[in-house]
Amino acid sequence: MSKLLILIPAFNEEGAVGDVIREVQAVLPETPVPVVDDSSIDGTVLRARQAGARVLELPHHLGLGGCVQAGYRLAYELGYDYVIRVDGDGQHDPRDIPKLLEVLQKTGCEMVIGSRYVNGKGPHFGWMRAAGIFFFRAVLRPILGKAVRDPTSGFVGVNRTALSVFSRSFPLEYPEIEALVVLQRRRFRFVEVPCHMRPRKAGRSSITAVRSLYYILHVLLGVFVNVLKFERRRK
Amino acid sequence: MARLLTALSMFSLAMIVGVLASVRRAHIRVEYSVSWLFAALVLLGLSLSDAPLRRIGQFLGVSDAPAALLIAAGCVFVVVLYRTSLLISDLKDSNIALAQRVAILEYRLESLDEKVKEAAG
């Protein structure tokens with residue numbers, strides 16, 4: 001039987017992480033749900049343990065990519081076949097997890113993305129975010145060779161093949177978009193699955209208005225570096 | 001010009017002394033001090049002798065020797081800073097891998113502890 005792990009990366013999410021764990025456990029009672037704590041300075045670790053989760057505690061803050069990769073490494077070492085990442089802020093609805101898992105298993109693709117826009121419309125999270133998503137859709141379309149509706153979604157599932165790649169090499173900051181390019185360059189496949197996204201329950205997004213420009217430049221550079229790297233390898 | 005060259009010589013000497021003192025106190029590791037010492041020695045050499053500076057100025061098409069000196073100094077420090085960035089990136093990668101490994105080992109040790117406790121009763 002395939003082994004599934006639900007990974008919850010969290011940084012200062014004491015207001016939401018407990019509920020997220022309980023919701024996941026209600027949907028998949030037998031599935032392990034480790035929380036990867038990125039050195040939170042609030043009560044995230046305590047709340048996670050109180051909710052019954054094991055905690056992978058990073059000794060210092062690594063950023064989202066380093067945090068998620070630590071979880072992927074753990075899952076790979078423990079022999080899991082599938083990992084689904086659910087953010088600790090409560091935006092992802094755990095009732096969508098079985099849907100993601102089913103697509104992963106049935107299609108054999110390496111990655112599924114829980115997408116809020118795959119049906120053509122999604123919730124509005126502010127004009128700046130919408131503009132960013134629109135921009136990256138346009139950038140990624142020719143690189144990936146297919147459209148991706150929600151490239152910044154963190155609600156993703158991966159199989160063991162992708163896990164073996166990500167446990168060795170994973171973008172460290174703002175990893176979602178770069179990870180797509182890494183997968184595509186290895187000729188891996190991804191599928192988007194319509195999912196329901198909710199407003200975050202507590203805490204604040206790490207991407208503020210001031211950081212948005214840095215985010216765009218950073219991700220663009222990462223995307224093109226990955227494209228060039230793999231093109232050179234191919235030659 | 002002479003005053004600028006004197007100031008640069010003194011700055012280079014101060015840098016050499018400062019870096020060596022830091023190495024002695026183990027504030028900088030020897031391997032990371034090499035590029036700074038090299039940069040300071042290059043600047044000292046340029047500031048003590050006119051001829052190379054004039055040649056650099058001619059090569060760059062800069063008739064003003066102080067301007068050539070500043071360009072040369074800027075280039076040297078850009079190279080040193082670039083090397084520092086390479087070192088920092090390498091150290092950051094190692095640090096991330098190490099932090100992840102520590103966390104994973106702790107996690108697995110905790111799981112093992114729980115299993116032992118369960119087995120014990």
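Residues numbered from 1 in each chain as written. Chains lettered and ligands numbered in written order. Predicted model: local features only at pLDDT ≥ 70, side-chain atom pairs only at ≥ 80, totals over all residues.

**Regarding the overall build of chain A**
Thinking step 1. A count of helices and strands for chain A gives 8 helices and 7 strands.
Thinking step 2. In summary, chain A has a C-alpha radius of gyration of 17 Å against a globular reference of 18 Å for 235 residues, a match within 12%.
Thinking step 3. The principal-axis extent of the C-alpha atoms belonging to chain A is close to 50 × 45 × 35 Å.
Thinking step 4. Within chain A, the fraction of its 235 residues that count as buried is 46%. (Helix = DSSP H or I, 4+ residues; strand = E, 2+ residues; numbered from the N terminus. Rg over C-alpha atoms; globule rule 2.2 N^0.38 Å. Buried ≥ 20, exposed ≤ 12 C-beta atoms within 10 Å, placed from the backbone.)

**Topic: the packing of helix α3 (residues 64–77) of chain A against helix α4 (residues 65–120) of chain B**
Thinking step 1. The interhelical angle for the contact between α3 of chain A and α4 of chain B, taken along N-to-C directions, is 50 degrees, at an axis separation of 10 Å. By the angle between their directions, the pair α3 of chain A and α4 of chain B is classed as oblique. When you trace α3 of chain A past α4 of chain B, the crossing you get is right-handed. Contact with α3 of chain A, carried on its side by G66, Q69, A70, R73, L74 and E77 of chain A, involves I96, Q100, A103, I104 and Y107 of chain B of α4 of chain B and no other residues of that element.
Thinking step 2. Within the contact of α3 of chain A with α4 of chain B, the residues separate by chemical class into 6 nonpolar, 3 polar and 2 charged. (Axes fitted to C-alpha atoms, helices over the stretch in contact; angles between N-to-C directions. Parallel < 35°, antiparallel > 145°, perpendicular 65-115°, else oblique. Left-handed = near helix turned anticlockwise from the far one by under 90°. Contact = placed C-beta atoms within 7 Å. Nonpolar A, V, L, I, M, F, W, Y, C, P; charged D, E, K, R; others polar.)

**Considerations on the nonpolar core**
All names here are of chain A.
Thinking step 1. Core analysis: the biggest nonpolar cluster contains 65 residues, and I6, I8, I21, V35, V36 and V83 have the highest contact counts within it.
Thinking step 2. Among the elements that line this core, the one with the most residues is α3, at 7 residues.
Thinking step 3. If we ignore the near neighbours within four places in the chain, the residues touching V35 are I8, A10, V17, I21, A48, A53, V55 and G88. (Core = buried A, V, L, I, M, F, W, Y, C linked by C-beta atoms within 7 Å.)

**Side note on the pairing of strand β1 (residues 4–10) of chain A**
All names here are of chain A.
Thinking step 1. Along β1, 7 of the 7 residues are buried, which leaves the element largely enclosed by surrounding structure.
Thinking step 2. The alternating pattern of β1 places L4, I6, I8 and A10 and L5, L7 and P9 on opposite faces, both of which are buried.
Thinking step 3. Where β1 and strand β4 (residues 82–85) come together, 4 bridges link them in parallel fashion. By the bridge assignment for β4, L5 is matched with V83.
Thinking step 4. One ladder, built from 3 bridges, connects β1 with strand β2 (residues 35–37); its direction is parallel. Residue A10 lies in a different strand from β2, and its bridge partner there is D37. (Pairing = 2+ DSSP bridges.)

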